[in-house]
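Below are the chains, spelled out letter by letter.
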Amino acid sequence: CLWVRNLRQKRRLPGPFAWPVVGNVMQLGQMPHITFSKLAKKYGNVFQIRLGRNDIVVLNGDTAIRQALINHSAEFAGRPNFVSFQIISGGKSMVFGSYSRLWKVHRRIAHSSIRAFSSANSQTKEAFEKHVVGEALDLIQVFLRLSADGHYFEPAHELTVASANIICALCFGKRYGHDDVEFRKLLSRVDKFGETVGAGSLVDVMPWLQAFPNPVRSIYQNFKELNEDFFQFVKHKVIQHRQTYNPEITRDMSDAIIGVIEHGVGNENGLTKAHVEGTVTDLIGAGQDTISTALHWILLLLVKYPHIQAKLQEQIDKVVGRERLPNIGDKSNLAYLEAFIYETMRFTSFVPVTIPHSTTADVTIDDLHIPKDTVVFVNQWSVNHDEQKWKDPHVFNPSRFLDENGAVDRDLTNSVMIFSIGKRRCIGDQIAKVQIFLFTAILLHQCTFESNPSQEVTMDCSYGLTLKPLHFTLSAKLRDKFISLVS
Ligand code: HEM
């Protein structure tokens, strides 16, 4: 009746008109995060769109996102019950799982196992850093091989192998060569993961599309198969670990997770063996694509701005010299490098929108009522390109993060949003920062990178959970003698 309709209209969040059946699908465009930022200018930082049959609230800008994810952290900590999310990590994913008492235990276990193998004590910290340095040196040799005889190459796949190797070394105590055909094949398929789970993917909001042969259907089929293959790969390794498990010796992260889930607090709280496989799959998935994408953008920006590359090398040479490799201890003296990495994260915002959230209860923000079980998109890109916060946000300028004494401005670096905030905040941010710093410092210390003169270096990219550069080739040249000793 009329008054119910009026009441509904009054409570409806602001947002563009939604067409029947498809809603606002046609308006999303190639880069939904940019569309969302434009819509925020018109409708405010909290607005609603409709995709297929789902009403979706989009949060933009630091204030609205903080108000939701920090002030109402539990209410915004859910994940939508999308069909695609149920397929991931054998159906026992923590990353894509709903918010519950069990989930809290699961997240705590995953977080503490990452810490145990990267920063818990000086021994694990050193072993982790050694893995990263070794992987960076291996990558350089592959790059040099691919650059022989004046060739230009696409770095994407080698970066994927290098970053997968680091997380595999942490989880299984084992890495794989760049020439391991099976490993490369698996990773090239996992590369497509983000297409399906990125905010704005149509697979879950218009499930009826799966009934017809169309591109969305094949994306979904591929998604299902790649998740099954990836999960089987991990499960096989975990089973080997379980068979040789010794409570006295924790060899790697898989052992640590088996210990705590099957023989410790996880078991007491209702987590099962299947959660072990799920957790390891989650960590490899989350830790691989993000790091390789970050390094991909870093290489692109180094060749796009050769004067910045030269300035970084100059500072690294001054601080480190040419007789040893850079190490994590050099970080505090390499402010411009840290500024460059933060500017890469801000400028590219390569995780533009977080993994979709959902509300766990009715909640009100900015006087706007959001019902329980509403899908929520968190637009991180909008925070990093806010004209009120950043001077010339569309200009790449690492120096914006340095104060008048050349030191890193912590207020500003803390304003970059790429690891999200609140209860679903990334738990790999610390190891991610160590990996990106060491890789970049070592690559720059050893090599100079050049763009392909027959190709313009653009910021063109594909959209998904991560933004990935398109059509970009480069070559690497050794600066002087190759240092292979780990310092
Ligand atoms: C979640 C960013 C590296 C593990 C996330 C989320 C973002 C993110 C945006 C989603 C948060 C949300 O939904 O609100 C990044 C970036 C990385 C990175 C930019 C690298 C530069 C890593 C690494 C690991 C990791 C190396 C672990 C090995 C996780 C996990 C979650 C997550 C387990 C799920 C948290 C949850 O749902 O509670 N990350 N991440 N990430 N990340 Fe990362």
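As the structure is a computational prediction, the values presented were derived from the model and not from experiment.

Right, let's get into the overall build of the chain. Helix and strand counts for the chain come out as 18 helices and ten strands. Computed over the C-alpha atoms, the radius of gyration of the chain is 23 Å, within 12% of the 23 Å expected from 2.2 N^0.38 for a compact globule of 487 residues. Dimensions of the chain, computed from the C-alpha atoms along their principal axes, are close to 80 × 55 × 45 Å. Across the 487 residues in the chain, those meeting the buried criterion constitute 45%. Here the contacts in the chain between residues at least 6 apart in sequence split such that 73% fall between residues at least 24 apart.

Turning our attention to the UniProt feature "binding site: heme" (unreviewed entry) in the chain. Under the UniProt annotation, "binding site: heme" (unreviewed entry) lies at C426. Structurally, the position occupied by C426 is in the loop between α17 (410–413) and α18 (429–446). For C426, a count of 18 C-beta atoms within 10 Å gives the class partly exposed. Beyond its immediate sequence surroundings of up to four residues, C426 is in contact with F419 and S420.

Phi at D367 is positive, roughly 60°, even though this residue is not glycine. Of note, D367 is situated in the loop between β4 (363–365) and β5 (368–370). On the basis of neighbour count, D367 is assigned to the exposed category, with 6 C-beta atoms found within 10 Å. If you check the backbone angles, D392 has positive phi at about 40° while not being a glycine. Mapped onto the fold, D392 is located in the loop between α16 (380–384) and α17.

On the basis of which strands lie adjacent, the open sheet formed by four strands has the order β1-β2-β6-β3 and mixed pairing. Each edge of the open sheet is held by one strand with a lone partner, namely β1 (46–51) and β3 (357–358). Judged from the six bridges that link them, β1 and strand β2 (residues 54–60) form a sheet pairing that is antiparallel. Paired with I49 across the strands is I56, a residue of β2. Taken strand by strand, helix α3 (residues 62–71) contacts β1, β2 and β6 (375–379), and its axis lies near 115° from that of β2.

Counting residues in each nonpolar core, the largest one holds 123 residues, and the members touching the most others are L59, A136, C171 and I257. At 14 residues, the largest contribution of residues to this core is made by helix α13 (residues 273–304). Not counting the four nearest positions on each side in its chain, C171 is found in contact with D252, M253, S254, V280, L283 and I284.

Right, let's talk about the site of the ligand for a bit. Near the ligand lie 25 residues; those nearest to it are G287, T290, S420, C426 and G428. Elements represented by at least two residues in the shell around the ligand include exactly α5 (101–116), α13 and α18. Ranked by the residues each element gives to the shell around the ligand, the list is headed by α13, at seven residues. Across the shell around the ligand, the residue classes tally to 17 nonpolar, five polar and three charged.

It is worth spelling out the pairing of β2 at this point. The buried fraction of β2 is high, at five of seven residues. Where β1 hands over to β2, the hairpin turn is made up of two residues, of which G52 adopts a positive phi near 55°.

Time to look at the confidence of the model for the chain. Considering every residue of the chain, the mean pLDDT works out to 90; 94% of them sit at 70 or more. Under a pLDDT of 50 for its full length, residues 6–10 has, in the predicted model, zero contacts with residues more than four places off or in other chains. Here the prediction assigns the complex a pTM of 0.94, and the interface score ipTM is 0.99.

Cut-off values and rules
- Residues numbered from 1 in each chain as written.
- Predicted model: local features only at pLDDT ≥ 70, side-chain atom pairs only at ≥ 80, totals over all residues.
- Helix = DSSP H or I, 4+ residues; strand = E, 2+ residues; numbered from the N terminus.
- Rg over C-alpha atoms; globule rule 2.2 N^0.38 Å.
- Buried ≥ 20, exposed ≤ 12 C-beta atoms within 10 Å, placed from the backbone.
- Contact = placed C-beta atoms within 7 Å.
- UniProt positions renumbered as here; feature names shortened; annotations may be inferred.
- Pairing = 2+ DSSP bridges.
- Axes fitted to C-alpha atoms, helices over the stretch in contact; angles between N-to-C directions.
- Core = buried A, V, L, I, M, F, W, Y, C linked by C-beta atoms within 7 Å.
- Near = placed C-beta within 6 Å.
- Nonpolar A, V, L, I, M, F, W, Y, C, P; charged D, E, K, R; others polar.
- pLDDT = per-residue confidence, 0-100.

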